[in-house]
Amino acid sequence: MNIVHCLSEWQALRPSLGGSVGFVPTMGALHEGHLSLLRASAENNDVTVLSIYVNATQFNDPADLAKYPNTLETDLAAARAAGVDWVLLPDYSQIYADGYRFQLNEESFSQQLCGIDRPGHFTGVLTVVMKLLNLVRPDRAYFGLKDFQQFTLIKDMCRTFFMPVEIVGCEIVRERDGLAMSSRNQLLNHAGRQLAGRFNQLLANAVDDEHAWQGLRAAGMQVAYVETVGVRRCGAVVIGTGDEAVRLIDNVPVDVAEDSLPLQDIAR
Ligand code: PAF
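Starting afresh in each chain, residues are numbered from 1 along the sequence in its written order. A pLDDT threshold of at least 70 governs which residues receive local features in this predicted model, and a stricter bar of 80 or more applies before side-chain atom pairs are shown or counted, although totals over entire chains, interfaces and linings include all residues. Values shown for side chains rest on all heavy atoms present in the structure; no hydrogens or waters enter the calculation.

So what's going on with the environment of Glu-107? Residues and values would help.
Inspection of the secondary structure puts Glu-107 in the loop between α5 (92-95) and α6 (114-117). Burial here depends on accessible area, computed with a 1.4 Å probe over protein chains only, as a share of the maximum for the residue type. Under 20% is buried, over 50% is exposed, and the range in between is partly exposed. The exposure class of Glu-107 is exposed, given its relative accessible area of 65%. Glu-107 sits 92 residues away from Pro-15 along the chain, and the two C-alpha atoms are 35 Å apart. Counting from the N terminus, the helices are the DSSP runs of H or I reaching at least four residues and the strands are the DSSP runs of E reaching at least two.

Run through the layout of surface pockets, naming residues and quoting values.
Counted as a void, the largest pocket has a volume near 300 Å³. Only protein atoms enter the calculation, which uses a 1 Å grid: trapped sets of points that fit a 1.4 Å probe without letting it out are cavities, open sets showing protein on both sides within 12 Å along at least five of seven lines are pockets, and any residue with an atom within 4 Å of a point is a lining residue. As for the largest pocket, its lining consists of 15 residues, and the residues nearest its centre are Asp-61, Asp-64, Lys-67, Ala-245 and Arg-247. The residue inventory of the lining of the largest pocket, partitioned by class, reads five nonpolar, two polar and eight charged. Taken as a whole, the second largest pocket holds about 220 Å³ of empty space. The residue classification treats Ala, Val, Leu, Ile, Met, Phe, Trp, Tyr, Cys and Pro as nonpolar and Asp, Glu, Lys and Arg as charged. All others, Gly included, are polar. Considered class by class, the residues forming the lining of the second largest pocket number eleven nonpolar, three polar and one charged. Grid points are joined across faces, edges and corners, and a volume is the space filled by probe spheres set on the points.

Give me the pairing of strand β6 (residues 166-170): which residues, what numbers.
Look at any regular strand and the pattern is simple: side chains alternate between the two faces of the sheet. Strands are labelled as partners when DSSP assigns at least two bridges between them. Where strand β5 (residues 140-144) and β6 come together, five bridges link them in parallel fashion. Along β6, the bridge assignment pairs Arg-140 with Glu-166. Here, the term right-handed applies to a crossover whose path from the first strand over the helix to the second runs clockwise when the strands point away from the viewer. The parallel pair β5 and β6, bridged by helix α8 (residues 148-160), forms a crossover whose chirality is right-handed.

Account for helix α7 (residues 121-136), naming residues and giving values.
What a helix is expected to span follows from its residue count: subtract one and scale by 1.5 Å. Between its first and last C-alpha, α7 extends 22 Å over 16 residues, near the 22 Å set by a 1.5 Å rise per residue. A large share of α7 lies buried, amounting to 14 of its 16 residues. Within two residues after α7, Arg-137 carries a phi angle of roughly 45°, on the positive side.

Tell me about the site of the ligand, residues and numbers included.
Working definition: residue near molecule or strand if any one of its non-hydrogen atoms lies within 4 Å of it. Near the ligand you find Pro-25, Thr-26, Met-27, Asn-55, Gln-58, Val-128, Val-129, Phe-143 and Gln-150, and these make up its full shell. Between Gln-58 and the ligand, the recorded distance is 2.7 Å, taken from a side-chain N or O atom to an oxygen atom. At 2.7 Å, a side-chain N or O of Gln-150 approaches an oxygen atom of the ligand. In the complex, the protein chains occlude 89% of the 280 Å² of accessible area that the ligand would expose alone. Breaking the shell around the ligand down by element, the ones donating at least two residues are β2 (21-26) and α7. When grouped by side-chain class, the residues that make up the shell around the ligand number five nonpolar, four polar and no charged. Definition of a polar contact: a pair of N or O atoms within 3.5 Å, with one able to donate and the other able to accept a hydrogen when the atoms are protein atoms, and with sequence-neighbouring residues admitted only if both atoms are side-chain atoms. Accessible surface is estimated by sampling points in the Shrake-Rupley manner with a 1.4 Å probe; for residues, cover comes only from the protein chains shown.

Which residues make up the sheet that holds strand β8 (residues 232-239), and what are the values?
Whether parallel or antiparallel, the strands of a sheet pair through hydrogen bonds between backbone atoms. In space, the three strands of this open sheet follow the order β7-β8-β9, with antiparallel pairing throughout. Among the strands making up the open sheet, the edge pair consists of β7 (222-229) and β9 (246-253). Averaged over neighbouring strand pairs, the angle between their axes works out to 15° when direction is ignored. Pairing of β8 with β9 involves eight bridges; the strand directions are antiparallel. Note that in β9 the partner of Arg-233 across the bridge is Val-252. Residue contacts follow a heavy-atom distance rule, with two residues in contact if any of their heavy atoms lie within 4.5 Å. Only the stretch in contact is used when a helix axis is fitted, and all axes are lines through C-alpha atoms; the angle between N-to-C directions ranges over 0 to 180 degrees. Against the sheet, helix α9 (residues 190-205) engages β7, β8 and β9, with an angle of about 30° to β9. Running at roughly 160° to β7, helix α10 (residues 209-219) makes contact with β7 and β8 of the sheet.

No statement about biological role is implied by the geometric values presented.
Rendered as structure tokens:
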């Protein structure tokens, strides 16, 4: 496994990579969800590229960025075992040599769900993903469906800008109690972790969004939103308070009559 810090070095060697290239962009703190993306890429491509870059521009809250877990040594060992060939470890000055003068905005879906209380979040995500896709030029890029809104926006962005990449969505990997794997789970204290295990069940078992919202609140979670988008019920909650507050997202499939959906939602 090769590790590259310098993006101009990467750009010089990229044309020498033969065969199909699969790409998994991450912010590190790799868990089973990330590893499932890496394995899918390694199985379906000749070369797998992983990037680990904690993207400051997508954190609207500096405290959230400051506590983002950094587990680089274990990440690299796990990446090697998952079949990664190349790891990119750029820094801010290389990714944002323009000082974030150029930004990629989406004016509709990015303003809903997580966009409501995370202003600028999806602009940061789309901008960095566009840069990374241009650097790696993969045939396929892999994203987890836990971040359903992110996945949808990235897929739409690539279609909109005629980018020659297949955006592959991979199923959510869960803990035994149903909690979706997330780097943020490490930040939960014991009581928070117990409560977080009920998030998925309450989202999945409610008859509608309103009942899911009520159930989550009654269990002791602060609910940011519960909303069915197309065929998925999406939710975000905050568990704990003050310095110990952790924001989690999840989504579950729901049965929606297909003739009640706009065409683009059925396609998703
Ligand atoms: O999902 C993530 O980890 C990040 O949003 C991503 C796609 C790596 C962009 O920084």
